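Breakdown of the fold
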Amino acid sequence: QVWPKLSFGDCHLMTSVPSPEFLPVTFALFEQLYADENCKDVELVASDGSLWAHSLILSACAAPLAAMMRGGMAEGRNRRIEMPDFTVTELNFIMRLLHTGGMDPAEWPDFKLLVDVTAIYAHEPCTVRFRILSTRPYGKMMLAWSRNQDMPLTQVDFLVKGHKLKPTDTLASTGFMDSDVEAAPAESGQVCESEGQILRPPLGLLYASASFGKRYGMELFLSTIIDQLKARICEKDFEAVLALAIQVDLTPLKMACLLFARGNSRIRVMFDQQEFGALVQFE
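Treat the numbers as computed from the prediction; the structure is a model and nothing was measured.

Below, the discussion takes up the side chain of Thr100. Tracing the backbone through its elements, the reader meets Thr100 in helix H5 (residues 88-100). For Thr100, a relative accessible area of 11% corresponds to the buried category. Among the polar contacts listed, one links the side chain of Thr100 to the side chain of Glu31, at a separation of 3.3 Å. At 2.9 Å, the side chain of Thr100 and the backbone nitrogen of Gly102 are in polar contact. If we skip the residues at most four places from it in the chain, Thr100 touches Phe27, Phe30, Glu31 and Tyr34.

Turning our attention to the pairing of strand E3 (residues 42-46). Burial within E3 is extensive, with 5 of its 5 residues counted as buried. Here E3 shows no split at all, with Val42, Leu44 and Ala46 on one side and Glu43 and Val45 on the other all buried. As judged from the 5 bridges shared by E3 and strand E4 (residues 49-53), these two strands associate in the antiparallel manner. The residue bridging Val42 from the neighbouring strand is Ala53, located in E4. Linking E3 back to E4 in an antiparallel pair, the connection comprises 2 residues.

So, about the nonpolar core. Of all hydrophobic cores here, the largest spans 56 residues; its most connected members are Leu44, Met95 and Phe212. With residues up to four places along the chain from it excluded, the contact list for Leu44 reads Gly49, Ser50, Leu51, Ala53, Leu58, Ile81, Met83, Leu91 and Met95. Counting 14 residues, the second largest nonpolar core, distinct from the first, contains Val115, Met142, Val160 and Leu165.

Let's shift gears to the packing of helix H7 (residues 203-215) against helix H9 (residues 238-248). The interhelical angle for the contact between H7 and H9, taken along N-to-C directions, is 15°, at an axis separation of 11 Å. Considering their axes alone, H7 and H9 lie roughly parallel with respect to each other. Seen from above, H7 lies across H9 with right-handed handedness. The segment H7 lies against H9, with Tyr207, Ala210, Ser211 and Lys214 engaging Ala240, Val241, Leu244 and Val248.

This brings us to the sheet that holds E4. Taking strand neighbours across the sheet as the criterion, the 3 strands line up as E4-E3-E5 in an open arrangement whose pairing is mixed. The strands lining the two open edges of the sheet, one partner per strand, are E4 and strand E5 (80-82). Ignoring which end each strand starts from, the neighbouring axes of this sheet average 25° apart. Lying over the sheet, H5 contacts E3 and E4, oriented at roughly 10° with respect to E4.

Rules behind the numbers
Residues numbered from 1 in each chain as written. Predicted model: local features only at pLDDT ≥ 70, side-chain atom pairs only at ≥ 80, totals over all residues. Heavy atoms only, no water. Helix = DSSP H or I, 4+ residues; strand = E, 2+ residues; numbered from the N terminus. Buried < 20%, exposed > 50% of the residue type's maximum accessible area, 1.4 Å probe, protein only. Polar contact = N/O pair within 3.5 Å; in protein donor to acceptor, adjacent residues only side chain to side chain. Contact = heavy atoms within 4.5 Å. Pairing = 2+ DSSP bridges. Core = buried A, V, L, I, M, F, W, Y, C linked by side-chain atoms within 4.5 Å. Axes fitted to C-alpha atoms, helices over the stretch in contact; angles between N-to-C directions. Parallel < 35°, antiparallel > 145°, perpendicular 65-115°, else oblique. Left-handed = near helix turned anticlockwise from the far one by under 90°.

Written out as structure tokens, the structure is:
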């Protein structure tokens, strides 16, 4: 099989044929590399804080970032890149994708899951399904359940898949990605959805990723994010997706939105009634 020539910044590589049985090994190695804070050597300064990354990974992904790191620019000398248009949450999402090709929903904002919690009182188990933020401690849920059942909290054990919970535990700290959990029904565009264990990130993080890829000339990364955004075009998110495509100048995404609108009567009605914002209405 002939594999395409991929462009990462100023590096051009002929990709080798991937071996499916070794992909988990590679993923685990890069996860370990990303988790090792001691090896990261460049600070990314966001609008609300900062995080560290591997300059080698960034340089391989984008020519502008490579120029900053390898040249005599201030960013290379100080090992510090200002990125004020992004938040720490957005950069965490982007950096994890670039370093590992994976995602950690525990890092997403307002990420809620449905999780089965077993409460044991007087040796009688009772399983209840809760809707909870991935980063919220179980303590509030445990207290509310105890009050509802008129049972002393100190006399109830709470378990998730056999693991006894402490009030300070969270979905993330108890390894919820290994549990039989599912994403809660979406309340807004920022809440993730799920098909089995396939979790879709909030649109806001995909927007930030598209903007990042466009800004730093990361064609392969950007095309992958655009494909993800195309799959998310629907009546509810149509205006938000098209507005992003216009603002970041993503022609393939704009065309996908317009094709969707052409065959959707509801979008047509909203357009005729001028329900969209000026940016989308004009387009």
